[in-house]
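Analysis of the macromolecular model
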Amino acid sequence: MRRKLTLKDIARELGVSISTVSKSLKNSEEIGRDTKEKVQAFAKLYNYKPNNIAVSLKNKHTKNIGVIIPDIVHYFFTTVFRGIEKYANSLGYNVIICVSDESFDKEVINTELLANGSIDGFIMALSGETQLKNDYRHLTEVTEQGIPLVLFDRVTDEIKCDKVLLNDTEIAFEAVSKMIKAGRKKIALLTTENFFNVSINRELGYRKALEEHGLAVNENLILRLPFNEQIDGIYPFVSNNEIDAVLAVNEIFAIHAMGILQSKGMKVPEDISFIGFTNGLLSKYASPPLTSVAQHGDRMGELAAKMLIERIEMNFVEGKEEDFRTEIIKGTLIERESTVN
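Residues numbered from 1 in each chain as written. Predicted model: local features only at pLDDT ≥ 70, side-chain atom pairs only at ≥ 80, totals over all residues. Heavy atoms only, no water.

With respect to helix α9 (residues 168–181)
Test applied: Under the DSSP-based scheme used, a helix requires at least four consecutive residues in state H or I and a strand at least two consecutive residues in state E, with every element numbered from the N terminus. One less than the number of residues in a helix, times 1.5 Å, gives the span that helix is expected to have. A simple rule labels every residue: compare its accessible area, found with a 1.4 Å probe on the protein chains alone, to the largest value its type can have, and call it buried under 20%, exposed over 50%, or partly exposed in between.
Counted at 1.5 Å a residue, the expected span for α9 with its 14 residues is 20 Å, and the 20 Å between its end C-alpha atoms agrees. When α9 is considered as a whole, its buried residues turn out to be D168, I171, A172, A175, V176, S177, K178, M179 and I180. Following α9 by one or two positions, G183 has its phi on the positive side, about 100°.

So, in structure tokens, the structure goes:
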């Protein structure tokens with residue numbers, strides 16, 4: 001099936017700007033007759049159809065926003081959604097949520113489903129497969145049509161839009177530094193595959209902490225697990241390596257590894273320390289309770305909703321534009337019994 005023609009395609013073929021194409025198709029007096037005729041003829045020849053949601057947004061304000069998240073049961077994404085909904089509802093907006101289940105195809109389908117004139121803009125964390133494929137054409141088309149988009153947590157530099165992130169590198173550095181100061185020298189990293197921006201940045205903090213404290217980075221102590229959180233590889237990894245501390249990029253990895261080592265007779269935190277990201281219910285009720293990085297998902301969701309609604313309402317004020325911005329949420333290390341205080 002032929003890919004749908006976009007404004008960007010027409011602009012590239014004719015050597016003009018996207019704005020010129022858009023105004024020509026609307027028969028704007030700002031554009032010369034020759035240019036308008038050329039653009040309109042090209043669009044007609046290739047059967048260009050405008051994006052439905054873009055037309056809708058120009059004509060009405062729905063007071064609905066769409067949210068697409070990779071996983072509904074993950075504590076972090078649940079708290080982000082709560083933050084989005086609370087803030088949006090306080091301003092009279094409704095929230096429609098879709099779940100990609102870490103699937104590129106589902107993410108594309110969800111985007112198309114919402115892009116039917118029923119919402120004013122999107123908030124999204126990218127699915128694992130989307131980041132693996134590095135294919136963002138569905139989001140490029142949305143932004144080219146002037147649809148407000150805010151990416152949070154899992155983001156890409158390929159898409160120009162507002163973003164909300166955690167200070168992953170800095171808080172990972174703080175976590176590893178805490179374990180080093182407690183006398184740990186063989187610190188393992190349990191992470192996901194490195195096409196995730198969050199995993200890349202947390203690994204940077206891990207490496208930076210070791211190097212700045214004079215410890216060599218042992219590549220054998222870094223385990224990369226599939227993005228769908230298959231944890232089978234953790235058992236042979238922790239069983240075959242002599243480690244005295246573990247940083248995990250989520251609480252599932254951390255708690256599973258902690259249970260394995262405890263079953264082998266090791267004591268936590270006396271023999272081995274653990275820190276994980278997320279700070280969900282699993283962390284609080286693990287045995288012992290897990291020292292965790294609080295990602296403040298509710299605050300991230302609230303900020304993402306605020307940025308999106310500001311962008312939506314700005315679109316309804318003629319002539320107003322603003323540069324895209326990236327906001328950073330600072331994580332907090334919540335100390336519990338899995339580390340030595």
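From this point, the narrative continues.
Concerning the domain arrangement of the chain
The criterion, for reference: All domain edges in this entry derive from an automatic or database-based domain assignment. By definition, residues are in contact when any of their heavy atoms lie within 4.5 Å. Here the quantity called buried area is the total loss of accessible area, with a 1.4 Å probe, experienced by two parts when brought into contact, counted for both. Any Lys or Arg side-chain nitrogen found within 4 Å of a carboxyl oxygen on Asp or Glu counts as a salt bridge. Polar contacts, as used here, are pairs of N or O atoms within 3.5 Å; protein pairs need one atom able to donate a hydrogen and one able to accept it. Residues neighboring in sequence count only if both atoms are side-chain atoms.
What the domain assignment lists for the chain is domain 1 (7–50), domain 2 (62–165 + 298–329) and domain 3 (168–295). Just the C-alpha atoms count here: the centres of domain 2 and domain 3 sit 30 Å apart. Contact residues are listed per partner, giving 14 residues for domain 2 and 14 residues for domain 3. Surface buried jointly by domain 2 and domain 3 totals about 1100 Å² across both partners, of which 61% is contributed by carbon and sulfur atoms. Put simply, domain 2 and domain 3 have 0 salt bridges between them. At the junction of domain 2 with domain 3, the criterion picks out 3 residue pairs in polar contact (both at pLDDT 80 or more). Breaking the side of domain 2 that touches domain 3 down by element, the ones donating at least two residues are α5 (75–90) and α7 (128–133). It is α7 that provides the largest number of residues to the side of domain 2 that touches domain 3, a total of 4 residues.

Here we look at the pairing of strand β6 (residues 187–192)
Here is the rule: Two strands make a pair as long as DSSP finds a minimum of two bridges between them. Orient the strands so they point away from the viewer; a crossover is then right-handed if the path from the first strand over the helix to the second runs clockwise.
Of all 6 residues in β6, 6 are buried; the element is thus mostly enclosed. The side-chain alternation of β6 yields two buried faces, one formed by I187, L189 and T191 and the other by A188, L190 and T192. In this structure, β6 lies alongside strand β8 (residues 245–248), joined through 4 bridges in parallel fashion. Across the sheet, the residue bridging to L189 is L247, located in β8. Pairing between β6 and strand β7 (residues 222–225): 4 bridges, direction parallel. Residue L189 lies in a different strand from β7, and its bridge partner there is I222. Chirality of the crossover, the property in question, places the unit of β6, helix α10 (residues 197–212) and β7 among those that are right-handed.

Section: the sheet that holds strand β1 (residues 64–69)
Cut-off, in case you're wondering: Only the stretch in contact is used when a helix axis is fitted, and all axes are lines through C-alpha atoms; the angle between N-to-C directions ranges over 0 to 180 degrees.
Within the open sheet, the 6 strands sit side by side as β2-β1-β3-β4-β5-β11. Their pairing is parallel. Where the open sheet ends on each side, the last strands, each with one partner, are β2 (94–99) and β11 (326–329). Averaged over all pairs of adjacent strands, the angle between their axes in this sheet comes to 20°, without regard to strand direction. Relative to β2, β1 is paired through 6 bridges, and the arrangement is parallel. When the bridges of β2 are listed, I65 appears paired with V95.

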